[in-house]
Amino acid sequence: MIRLYGPLQSRAARCLWMLEELSIPYEHVPMDDLSREERRKAIGAVTITGKAPAMEDGNLKLFESTAINLYLAAKYDDRELWPATQAQRAHVLQWAFFAMTELEPPIVTMFMQKFVHTGDNHNEAAAQAAEAALAEPLGVLEKQLARRSHLLGDQFTAADLICVSVLDMLGMLGYDIASQAKVNKWMNSCKKRPAYARSRGAA
Ligand SMILES: N[C@@H](CCC(=O)N[C@@H](CS)C(=O)NCC(=O)O)C(=O)O
């Protein structure tokens, strides 16, 4: 049995979406009634970082939301989310690294400055620099989506799920993505998938 640890309000949400897309049995262990320290300790019993998400699949224990999602897609789907050819799979990996290294860092800085560093430690210049830096990778996505509905072509793959999962944090930030029309349309269409709704607790 697959077990996914971490609250829905954490990066575990990315893996819950993947699990719902794959329609495989799993148990979600949210631990959202625990304090941060208690959760670190409990997840630390599963993987060494103690951070959410962590996953068990039989004897395998894994951390890092994107590593978990790539593993799940590769193991449990070999048609749609994890496409058939090595070239397509290489493109999935490319967009996964893009999500982690180009999209996530500025978004996390914006998030930290808006919700965590709200007192004396607030750095408005850092928040603004992060927002400015985000324009470049968003521009890359806008270009990629100019002539295709999804990152690899016409089909939804793990590449879309991983990038949209990261961009989803922009909603909490009240960031208006409407000026990136293609990105906006693609995000909305990916988030209309029934598996996305199920992963967020809607039937
Ligand atoms: N790069 C990791 C980040 C993991 C991470 O920072 N998780 C946060 C929740 S979204 C966490 O557990 N924070 C609690 C802590 O740092 O104690 C991933 O994508 O899984």
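Residues numbered from 1 in each chain as written. Predicted model: local features only at pLDDT ≥ 70, side-chain atom pairs only at ≥ 80, totals over all residues.

A short note on the overall build of the protein chain
Selection criterion: The helix count covers DSSP runs of H or I at least four residues long, the strand count covers runs of E at least two residues long, and both are numbered beginning at the N terminus. Between the two quantities, the radius of gyration covers C-alpha atoms and the globule rule is 2.2 Å times the number of residues to the power 0.38.
Counting secondary structure elements, the protein chain contains nine helices and four strands. Start at the N end of the protein chain and walk to the C end: the helices and strands fall as β-α-β-α-β-β-α-α-α-α-α-α-α. The C-alpha atoms of the protein chain give a radius of gyration of 17 Å, which matches the 17 Å a tight globule of 203 residues would have. Once the C-alpha set of the protein chain is aligned to its principal axes, its extents read approximately 50 × 45 × 30 Å.

Focus on the domain arrangement of the protein chain
Filter applied, for reference: What fixes the domain bounds is an automatic or database domain assignment. Here, residues touch in the contact sense if the C-beta positions derived from the backbone fall within 7 Å of one another. Any residue that is not Ala, Val, Leu, Ile, Met, Phe, Trp, Tyr, Cys, Pro, Asp, Glu, Lys or Arg is counted as polar, Gly included; the first ten are nonpolar and the last four charged.
Under the domain assignment, the protein chain is made up of domain 1 (2-77) and domain 2 (86-198). Across the contact, nine residues belong to domain 1 and 10 residues belong to domain 2. Going through the elements one at a time, helix 1 (12-22) and helix 3 (65-76) are the ones with two or more residues in the side of domain 1 that touches domain 2. With five residues, the single largest contributor to the side of domain 1 that touches domain 2 is helix 1. Split by residue class, the side of domain 1 that touches domain 2 holds four nonpolar, two polar and three charged.

Thoughts on the nonpolar core
Quick reminder of the rule: Only buried residues count toward a nonpolar core: Ala, Val, Leu, Ile, Met, Phe, Trp, Tyr and Cys, linked into one set through C-beta atoms within 7 Å. Think of it as a crowd count around each C-beta: if 20 or more other C-beta atoms lie within 10 Å the residue is buried, if 12 or fewer it is exposed, and in between it is partly exposed, with C-beta placed from the backbone throughout.
Counting 48 residues, the largest nonpolar core has Trp95, Ala158, Ala159, Ile162 and Cys163 as its most contacted members. Secondary-structure elements contributing two or more residues to this core are strand 1 (2-5), helix 1, strand 3 (54-57), helix 3, helix 4 (86-116), helix 5 (124-144), helix 6 (158-167) and helix 8 (181-191). The residues contacting alanine 159, other than those within four sequence positions of it, are His91, Val92, Trp95, Ala96, Leu151 and Leu152.

Description of the site of the ligand
Put simply, the test is: Using the backbone to place each C-beta atom, any residue with that atom within 6 Å of a molecule or strand is considered near it.
In the vicinity of the ligand, the residues found are Ser10, Arg11, Arg36, Arg40, Lys51, Ala52, Pro53, Glu64, Ser65 and Thr66. Listed by contribution, the elements that provide at least two residues to the shell around the ligand are helix 2 (36-44) and helix 3. By residue class, the composition of the shell around the ligand is two nonpolar, three polar and five charged.

Remarks on the pairing of strand 4 (residues 60-63)
Short version of the rule: Only strands joined by at least two bridges in the DSSP assignment are considered to pair.
With four bridges joining them, strand 3 and strand 4 adopt antiparallel strand pairing. Among the inter-strand pairings, glutamate 56 is bridged to a residue of strand 4, identified as lysine 61.

Focus on the packing of helix 4 against helix 5
Basically, it comes down to this: Every axis in this analysis is a line fitted to C-alpha atoms, fitted for helices over the stretch in contact. Angles between the N-to-C directions lie between 0 and 180 degrees. By the definition adopted for this analysis, an angle is roughly parallel if under 35 degrees, roughly antiparallel if over 145, roughly perpendicular if from 65 to 115, and oblique otherwise. Left-handed describes a crossing whose near helix is turned anticlockwise from the far helix through less than a right angle; right-handed describes the clockwise counterpart.
Direction vectors running N to C along helix 4 and helix 5 enclose 155°, while the axes themselves pass 9 Å from each other. For the element pair helix 4 / helix 5, the angle class is roughly antiparallel. Helix 4 and helix 5 meet at a crossing whose hand is left-handed. Across from Phe98, Glu102, Leu103, Pro106, Ile107, Thr109, Met110, Gln113 and Lys114 in helix 4, the residues of helix 5 making contact are Ala126, Ala127, Ala130, Glu131, Ala133, Leu134 and Pro137. Looking at the contact of helix 4 with helix 5 residue by residue, the classes come out as 11 nonpolar, two polar and three charged.

Notes on the sheet that holds strand 4
Pairing is mixed across the open sheet formed by four strands, whose spatial order is 2-1-3-4. Taken across any chain shown, the strands that pair with only one partner, and hence form the sheet edges, are strand 2 (26-29) and strand 4. On average, adjacent strands in this sheet sit at an angle of 15° to one another, irrespective of strand direction. In the sheet, strand 1 pairs with strand 3 via four bridges, with the strands oriented antiparallel. From the neighbouring strand, arginine 3 faces strand 3, where its bridge partner is glutamate 56. Strand contacts of helix 1: strand 1, strand 2 and strand 3, with the helix running at about 150° to strand 1, the strand carrying the most contacts.

What about helix 1?
Most of helix 1 is tucked away: nine of the 11 residues are buried. Within helix 1, burial applies to Ala12, Ala13, Arg14, Cys15, Leu16, Trp17, Met18, Leu19 and Glu21. Taken together, the buried residues of helix 1 touch strand 1, strand 2, strand 3, helix 3, helix 6 and helix 9 (194-199). Looking one or two places after helix 1, you find serine 23, whose phi comes out positive at around 55°.

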